Amino acid sequence: MYLRDAFAYHGTPVHTLTRIAAVTDEGAVVEDATTGERRTIAADSVVIAVGFAPVPSMAEELRGRGYGVFEVGDGRQVGNIMTSIWDAYEVAHTL
Ligand SMILES: Cc1cc2nc3c(=O)[nH]c(=O)nc-3n(C[C@H](O)[C@H](O)[C@H](O)COP(=O)(O)OP(=O)(O)OC[C@H]3O[C@@H](n4cnc5c(N)ncnc54)[C@H](O)[C@@H]3O)c2cc1C
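On a predicted model such as this, the values are computed, not experimentally measured, just so you know. (Residues numbered from 1 in each chain as written. Predicted model: local features only at pLDDT ≥ 70, side-chain atom pairs only at ≥ 80, totals over all residues. Heavy atoms only, no water.)

(A) Structural context of the pattern of salt bridges. With the rule as written, the count across this model stands at 6 salt bridges. We note a salt bridge from Glu60 to Arg63, for which the minimum N-O separation is 2.5 Å. Here the residue Glu60 and the residue Arg63 both occupy positions in helix H2 (residues 59-63), the gap between them amounting to 3 residues, near one helical turn. The exposure class of Glu60 is exposed, given its relative accessible area of 57%. Among the ionic pairs, Glu71 bridges to Arg63, the shortest N-O distance being 3.7 Å. Bridged by salt links that share partners, the residues Arg19, Glu31 and Arg38 form one connected network. (Salt bridge = Lys/Arg side-chain N within 4 Å of Asp/Glu carboxyl O. Helix = DSSP H or I, 4+ residues; strand = E, 2+ residues; numbered from the N terminus. Buried < 20%, exposed > 50% of the residue type's maximum accessible area, 1.4 Å probe, protein only.)

Shown next as structure tokens:
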């Protein structure tokens, strides 16, 4: 919510339904997700901040050895500090 306000305040363009296809000396080549049409957004620097995915943990390996194993937090599903704490709270109740 804060970022939306900040982008609007600073007049930062937001391109939805758009994926980055390449980075060139001219800038970022982006592709319209619906039409596939490509164009270049001129830039000196391109910062890629496209999110996170959990790294497969060693949970399955440990489960197979008879341990009680519980996955919490970003290792289970990427979220935030609150969702990680809730996860751990729920698991702690089952122990
Ligand atoms: C740049 C950034 C900004 C963020 N800002 C916010 C924010 O403002 N508010 C918010 O709520 N959330 C924010 N988050 C998300 C939040 O940091 C995470 O959701 C939260 O830290 C997940 O907690 P976690 O305990 O699951 O994992 P982590 O905090 O990542 O802790 C996992 C720990 O395990 C350790 N570890 C990993 N593998 C091993 C291993 N094999 N052996 C031993 N130790 C290991 C790691 O070193 C790490 O210390 C942000 C995340 C990022 C990346």
